Amino acid sequence: MTTHTLYPLLLESHLLIKVWGGRKLASVLNKSLPTDEPYGEAWELHDQCTIANGDYAGQKLGDLLKQFPQAIIGKPYDASVGFPLLVKFIHAEDWLSVQVHPNDEQAAELEGEPRGKTEAWIILHAEPDSKLVMGITPNTSREAVAHAIGTNTLEPLLVYTTVKAGDILFMHANTIHAIGPGIVLYEVQQSSDTTYRLYDWGRMDLDGKPRPLHIEKGVKVSNLVSLPTITHVSLDGDNAPMIESDFFSTLFYSVSADKPASLDTEGKTFHGITNIAGDLTIHADGKAYPLGLGKTALIPAVVGAYTVLGEGKMLVSW
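Quick notes on the rules
- Residues numbered from 1 in each chain as written.
- Predicted model: local features only at pLDDT ≥ 70, side-chain atom pairs only at ≥ 80, totals over all residues.
- Heavy atoms only, no water.
- Helix = DSSP H or I, 4+ residues; strand = E, 2+ residues; numbered from the N terminus.
- Buried < 20%, exposed > 50% of the residue type's maximum accessible area, 1.4 Å probe, protein only.
- Contact = heavy atoms within 4.5 Å.
- Areas by Shrake-Rupley, 256 points an atom, 1.4 Å probe, with all protein chains shown as cover.
- Lys, Arg positive; Asp, Glu negative; His and termini not counted.
- Charge placed at Lys NZ, Arg CZ, Asp CG, Glu CD.
- Phe/Tyr/Trp six-rings, centres within 6.5 Å; stacked < 30°, edge-to-face > 60°.
- Pairing = 2+ DSSP bridges.
- Axes fitted to C-alpha atoms, helices over the stretch in contact; angles between N-to-C directions.
- Salt bridge = Lys/Arg side-chain N within 4 Å of Asp/Glu carboxyl O.
- Polar contact = N/O pair within 3.5 Å; in protein donor to acceptor, adjacent residues only side chain to side chain.

1. Considerations on the overall build of the chain
Step number 1: Counting its secondary structure elements, the chain contains six helices and 20 strands.
Step number 2: Seen along its three principal axes, the alpha-carbon backbone of the chain occupies a region of about 60 × 40 × 35 Å.
Step number 3: For the chain, the residues scored as buried account for 53% of the 318 residues in total.
Step number 4: Sequence-distant contacts in the chain: of pairs separated by 6 or more residues, those separated by 24 or more amount to 77%.
Step number 5: Surface exposure of the chain reaches about 13600 Å², of which carbon and sulfur atoms provide 50%.
Step number 6: The averaged location of the 38 negative side-chain charges in the chain is 2 Å from the averaged location of its 24 positive side-chain charges.

2. Quick word on the packing of aromatic side chains
Step number 1: All chains considered together, the criterion is met by nine aromatic pairs.
Step number 2: Aromatic pair Y7 and Y289: ring centres 6.4 Å apart, planes at 5°, arrangement stacked. Here Y7, found in the segment before β1 (9–11), pairs with Y289, found in strand β18 (residues 287–291); they are 282 residues apart in sequence, far enough to count as distant.
Step number 3: What makes Y7 buried here is its relative accessible area of 9%.

3. A short note on the side chain of T161
Step number 1: With respect to the helices, strands and loops of the structure, T161 is situated in strand β8 (residues 158–162).
Step number 2: When its relative accessible area of 16% is taken as the criterion, T161 is described as buried.
Step number 3: Aside from chain neighbours lying at most four places away, what touches T161 is S130, K131, L132, M134 and I230.

4. Points about the sheet that holds strand β10 (residues 178–179)
Step number 1: Ordered in space as β8-β7-β10, the three strands form an open sheet in which the pairing is antiparallel. Every other strand in the sheet has two partners, leaving β8 and β10 as the edge strands with one partner each.
Step number 2: The sheet contact formed by strand β7 (residues 131–136) and β8 spans four bridges and is antiparallel. Among the inter-strand pairings, V133 is bridged to a residue of β8, identified as Y160.

5. Quick word on the pairing of strand β17 (residues 271–284)
Step number 1: In the sheet, β17 pairs with strand β19 (residues 296–299) via four bridges, with the strands oriented antiparallel. Residue pairing for β19: H271 is matched across the bridge by I299.
Step number 2: Alignment of β17 against strand β20 (residues 305–317), held across eleven bridges, turns out to be antiparallel. Across the sheet, A277 pairs through a bridge with K313, a residue of β20.
Step number 3: Pairing geometry for β17 and β18, over five bridges, is antiparallel. Across the sheet, residue T281 finds its bridge partner in β18, namely P290.
Step number 4: Connecting the antiparallel pair β17 and β18 is a turn made up of two residues, with D285 showing a positive phi of about 50°.

6. Comments concerning the sheet that holds strand β2 (residues 14–22)
Step number 1: Across the sheet, seven strands lie side by side as β2-β3-β4-β11-β6-β9-β13; this open sheet has antiparallel pairing. Only two strands of the sheet have a single partner each, and these edge strands are β2 and β13 (230–232). The mean inter-strand angle of the sheet, taken between neighbouring strand axes irrespective of direction, is 25°.

7. Considerations on the environment of L298
Step number 1: By the element assignment, L298 lies in strand β19.
Step number 2: With 143 residues separating them in the primary sequence, L298 and E155 have C-alpha atoms 40 Å apart.
Step number 3: If near-sequence neighbours (up to four positions away) are discounted, L298 is found in contact with Y7, P8, L9, L11, L45, L61, I72, F83, F270 and H271.

8. A few points about the environment of D94
Step number 1: Looking at the element boundaries, D94 is found in the loop between β4 (85–92) and β5 (98–100).
Step number 2: Separated by 75 residues in the primary sequence, D94 and V19 have C-alpha atoms spaced 8.1 Å apart.
Step number 3: Leaving out residues up to four positions away in the same chain, D94 has contacts with W20, I179, G180, P181 and R203.

9. Details of the pattern of salt bridges
Step number 1: Counted under the stated rule, the structure contains 14 salt bridges.
Step number 2: For the salt bridge of D200 with R203, the shortest nitrogen-to-oxygen distance reads 2.7 Å.
Step number 3: In this structure D200 comes out as buried when scored by relative accessible area, which is 6%.
Step number 4: Salt bridges linked by common partners bring D94, D200, R203 and R211 together as one network.

10. Some thoughts on the environment of K60
Step number 1: Mapped onto the secondary structure, K60 falls in the loop between β3 (39–45) and α2 (61–67).
Step number 2: With 14 residues separating them along the chain, K60 and H46 place their C-alpha atoms 9.2 Å apart.
Step number 3: With residues up to four places along the chain from it excluded, the contact list for K60 reads D47, Q48, C49 and T50.
Step number 4: Side-chain polar atoms of K60 contact the side chain of T50, separated by 3.0 Å.

11. Some details on unusual backbone geometry
Step number 1: Phi at W201 takes a positive value of approximately 60°, unusual for a residue other than glycine.
Step number 2: Among the secondary structure elements, W201 is positioned in the loop between β12 (196–199) and α6 (215–221).
Step number 3: Here E266, not a glycine, exhibits a phi torsion of approximately 55°, which is positive.
Step number 4: If you trace the backbone, E266 turns up in the loop between β16 (261–264) and β17.

Structure below.
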């Protein structure tokens, strides 16, 4: 097949059971959770996600990317190292571990990986007084952090912040962070799963054993000087930029009968569209592609102009 056969690709979620997870992926985002176990993550856009519609249904995105690298991902990107972004939903019913990720250079040096992990969170739902960890008290020494981890006294050094729906936290690699209970968020990140767990609240995993820590590497790559800033966009408001960075950008769209969203990849890059409220339909090349609540679609770069109709809200990342 030739590249002009590419179309908006509807993607199947990959659900992950986590010791800190719960059930809000179902109640907030309409995910069908197959068992009664605690679900913490739904991976929406990544190499291993399965295409759910059209000629390529059943194929993995990463396999299709090998067939049509530039047509899917756009010319500025190196498809040989896989899809550049990972988009997921996270629900925390309990604290996630306190963790940190390396930057590109550190990931290459320490892990032999092609990229590090800069990420951003967009809060979709937060119970009253829900909190995050957004760093360590600035100018704490690496020795003091390592000592606090070893003696289970890290918590007084953590910097907490209360969050609400619409809050946005952009975190460069090297930012120490943790998600707290009662939060459902959208995460967009460089496609990397390299995580250094610094502290796990003395918790056991689902198998009854403590989860491993990565103290030496984690402390080595941690930013102990500055904290990220939190911005806010009303999820009840008009279209607005959420994130603009060298790694990825995300826009918020509010779609209604009298306000469709007209977008264009211009052949330059892909768009990842995620429905966070309501019922939407993507229209491209004279065809319609329904996108229900909690669903994600990949618009290949080659698709060009398309329109989203319906009544709902969406995030578009590239």
